[in-house]
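Descriptive analysis of the structure
Each chain, written out:
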Amino acid sequence: MSERSLRALASGFLLDFGVSLSYAYLTLEIYGRYGTQAYFMSLSLTAIANLIATLTLSFSNDLFNYRRVFLTLFISLPSLLLSYFALLTSDLLLLSFIMGLIMGYEPLAVAQLAEEMGHGEASGVFYTISRFGITLGIFVGGFLFELFGIRRLLILSSLLILSSLPLIPSFPAPSSNKCTNNMKYGARELCFLISIIFLESMISTSYSLLEVKLYDLLNGSASLIGSLYSVSTLIDATLSPVLGKLVDEVGGFKSFTLAVLIQIAHLLSCTSFKDPILLGTLVIFPVTPLYFSARNKLAADLFGENSLSSLSLPASMSSLSDSLFYGILSISQMI
């Protein structure tokens, strides 16, 4: 693996670690202060900001030629704003929006890894590193939140995010076949993008059902639930590169179809099962890494193997799906 790819992974790890250090506890703070409606609204605002960031980074690649200074500014400015508003404002919803602006780095990192390996494997490798960063951030952030409170924790997140900037590589300039203007949108491409919106909503629904059911069945035992999700993270991280290679061998369409069928079965199982052992099995089953790799592989097959937009478009649809899903839940709390 080249130095540039290693730098992309290292910077991605630090970004996920820095964001996860405080983001979950920011949403919990919003829930504690303002209730369920504000909680879902904060998740929706974060997804909208992530959508803006992903599209901006993707479709500006021809203008800026992946210049490192542009990527540095795009990450550093929201990070500095995070510290500024954490000190001066009590508007936690604004802070959740700013956090979302920092989360648009994923397609760039996967695109860099895909220069050396298949899109499925690249997605799997990045997913592994990302999950480790997120898990470590949530674990450490829980202790720091109790010690320092949300404002100081947000400032610490900002500093960690800024520390990732020296590691961000200079991405290769786009060639003619990477230009987004050459992309064609037929029925298959549009059906694929629209399907992501519904599939991502299924993932969010499955996660919410599992979380609530396990909380009730395990009598609110945070240690048991935390242990389950820790095991799930380790399994996902271990199997992601293997599943990514398998996706490259099978092909985008077949692997994506299989991932969709598994998602449907997973959602139906989450709805039907009431036994804690069966629900715990659903938590640790590696549904998401397979879907993530298959989604990116099919996008590359449809939109072009070397197109950054082939990775940014499904990521954008994912953010759009989350913003709609949580926005609807927020509005439903008013009725």
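Let me sum up the structure you'll find in this document. Everything quoted here is computed from the prediction, not taken from an experiment.

1. Some remarks on the overall build of the chain
- For the chain, the count of helices and strands is 14 helices and zero strands.
- Reading the chain from its N end, one meets helices and strands in the order α-α-α-α-α-α-α-α-α-α-α-α-α-α.
- Here the chain holds 335 residues, and the buried ones make up 53% of them.
- Look at the contacts in the chain between residues 6 or more apart in sequence, and 84% of them connect residues 24 or more apart.
- In the structure as shown, the chain presents an accessible area of about 15,000 Å², 69% of it carried by carbon and sulfur atoms.

2. A closer look at the packing of aromatic side chains
- Taken as a whole, this structure holds eleven aromatic pairs when the rule is applied.
- With centroids separated by 6.3 Å and ring planes inclined at 10°, the aromatic side chains of Phe-13 and Phe-17 adopt a geometry described as stacked. Of this pair, Phe-13 and Phe-17 are both found in helix α1 (residues 3–34), four residues apart, which corresponds to roughly one turn of the helix.
- Residue Phe-13 is classed as partly exposed on the basis of its relative accessible area, which comes to 26%.
- Aromatic pair Phe-256 and Tyr-291: ring centres 6.1 Å apart, planes at 35°, arrangement tilted. Here the residue Phe-256 occupies a position in helix α11 (residues 252–272), and Tyr-291 occupies one in helix α13 (residues 287–303), the gap between them amounting to 35 residues. Of the two residues examined, Phe-256 and Tyr-291, each falls in the buried class.

3. With respect to a nonpolar patch on the surface
- Where nonpolar side chains cluster on the molecular surface, the patch consists of Val-69, Leu-73, Leu-77 and Leu-80 and spans about 380 Å² of accessible area.
- Topologically, Leu-80 is positioned in helix α4 (residues 68–88).
- Residue classification places Leu-80 among the partly exposed positions, given a relative accessible area of 47%.

4. Notes on the pattern of salt bridges
- Per the stated rule, a full pass over the model turns up five salt bridges.
- Two residues, Glu-121 and Lys-245, come together in a salt bridge whose shortest N-O distance is 4.0 Å. Residue Glu-121 is located in helix α7 (residues 119–148), and its partner Lys-245 is located in helix α10 (residues 222–250); the two are separated by 124 residues in the primary sequence.
- Residue Lys-297 is joined to Asp-301 by a salt bridge in which the shortest nitrogen-to-oxygen separation is 3.5 Å. Note that Lys-297 and Asp-301 are positioned in helix α13 at a spacing of four residues, about one turn of the helix.
- Classification of Asp-301 as partly exposed rests on a relative accessible area of 37%.
- Each member of the salt-bridge network shares a partner with another, and the members are Glu-106, Glu-200 and Arg-295.

5. Some points on the environment of Glu-146
- Along the chain, the position of Glu-146 falls in helix α7.
- As a C-alpha pair, Glu-146 and Tyr-25 span 121 residues in sequence and 9.9 Å in three-dimensional space.

6. Some points on the side chain of Ser-232
- The residue Ser-232 is located in helix α10 in this model.
- Of the residues examined, Ser-232 reaches a relative accessible area of 5% and is grouped as buried.
- Every residue in contact with Ser-232, bar those within four places of it in the chain, is listed here: Val-283 and Ile-284.

7. Quick notes on α4
- Under the 1.5 Å per step criterion, the end-to-end length of α4 is 30 Å for 21 residues, consistent within 8% with the ideal 30 Å.
- Buried within α4 we find Phe-70, Leu-71, Thr-72, Phe-74, Ile-75, Ser-76, Pro-78, Ser-79, Leu-82, Ser-83 and Ala-86.

8. What to know about helix α12 (residues 276–284)
- Of the positions making up α12, those classed as buried are Leu-279, Gly-280, Leu-282 and Val-283. For α12, the angular spread of buried residues about the axis comes to 155°, placing them on one side.
- Regarding α12, its N-cap is Asp-275, as a side-chain oxygen of that residue lies 3.0 Å from the backbone nitrogen of Ile-277 further along.

9. Concerning the nonpolar core
- Membership of the largest hydrophobic core comes to 48 residues, with the highest contact counts inside it found for Leu-26, Ile-75, Met-99, Tyr-105 and Leu-154.
- Residue assignment for this core shows that the elements contributing at least two residues are α1, α2 (36–59), α4, α5 (92–101), α6 (106–113), α7, α8 (150–163) and α14 (308–332).
- The element that contributes the greatest number of residues to this core is α1, accounting for ten residues.
- Other than its neighbours up to four places away in sequence, Met-99 contacts Val-19, Ser-22, Tyr-23, Leu-26, Leu-82 and Leu-154.
- Within the second largest apolar cluster, 22 residues are counted, among which are Phe-192, Leu-193, Leu-298 and Ala-299.

10. Quick notes on the packing of α2 against α5
- Look at α2 against α5: their axes get within 7 Å of each other, and the N-to-C directions meet at 30°. Between α2 and α5, the interaxial angle falls into the category roughly parallel. The hand of the α2/α5 crossing is right-handed. Between α2 and α5, the contacting residues are Ala-38, Met-41, Ser-42, Leu-45, Thr-46, Ile-48, Ala-49, Asn-50, Ile-52 and Ala-53 on the first element and Leu-93, Ser-96, Phe-97, Gly-100 and Leu-101 on the second.
- In terms of residue class, the contact of α2 with α5 is made up of ten nonpolar, five polar and no charged.

Scoring rules and cut-offs
- For every chain, the first residue of its written sequence is number 1, and the numbers climb from 1 along that sequence.
- Selection of residues for local features in this predicted model requires a pLDDT of at least 70, selection of side-chain atom pairs for listing and counting requires 80 or more, and totals for whole chains, interfaces and linings are taken over all residues.
- The basis for every side-chain value is the complete set of heavy atoms in the structure, and neither hydrogens nor water enter the calculation.
- Going along the chain from the N terminus, every DSSP run of H or I of four or more residues is numbered as a helix, and every run of E of two or more is numbered as a strand.
- Exposure classes here rest on a 1.4 Å probe applied to the protein chains alone. A residue is buried below 20% of its type maximum, exposed above 50%, and partly exposed in between.
- Contacts were defined at the residue level, with two residues in contact if any of their heavy atoms lie within 4.5 Å.
- Per-residue and other accessible areas follow the Shrake-Rupley method at a 1.4 Å probe size, with only the shown protein chains counted as cover for residues.
- Put simply, two rings from Phe, Tyr or Trp (the six-membered ring, in Trp's case) pair if the centres are within 6.5 Å, and we call them stacked under 30 degrees between planes, edge-to-face over 60, tilted for the rest.
- Exposure above 30% relative accessible area and no salt bridge define the residues that can form patches, which grow by joining like charges within 9 Å and nonpolar side chains of Val, Leu, Ile, Met, Phe, Trp and Tyr within 5 Å.
- We define a salt bridge as a side-chain nitrogen of Lys or Arg found within 4 Å of a carboxyl oxygen belonging to Asp or Glu.
- How far a helix is expected to stretch is found by multiplying one less than its residue total by 1.5 Å.
- Along the arc lie the directions from the helix axis toward the C-beta atoms.
- Any N or O atom pair separated by 3.5 Å or less is treated as a polar contact, with the protein-specific requirement of one donor-capable and one acceptor-capable atom, and with residues adjacent in sequence counted only for side-chain atom pairs.
- In this text, buried Ala, Val, Leu, Ile, Met, Phe, Trp, Tyr and Cys residues form a nonpolar core when linked through side-chain atoms within 4.5 Å.
- Simply put, an axis is a line fit to the C-alpha atoms, just over the touching stretch for a helix, and the angle between two N-to-C directions goes from 0 to 180 degrees.
- These descriptions rest on fixed angle ranges, namely under 35 degrees for roughly parallel, over 145 for roughly antiparallel, 65 to 115 for roughly perpendicular, and the rest for oblique.
- Note: crossing handedness is left-handed where the near helix turns anticlockwise from the far helix by less than a right angle, and right-handed where it turns clockwise.
- Residue polarity follows a fixed list, in which Ala, Val, Leu, Ile, Met, Phe, Trp, Tyr, Cys and Pro are nonpolar, Asp, Glu, Lys and Arg are charged, and the others, Gly among them, are polar.

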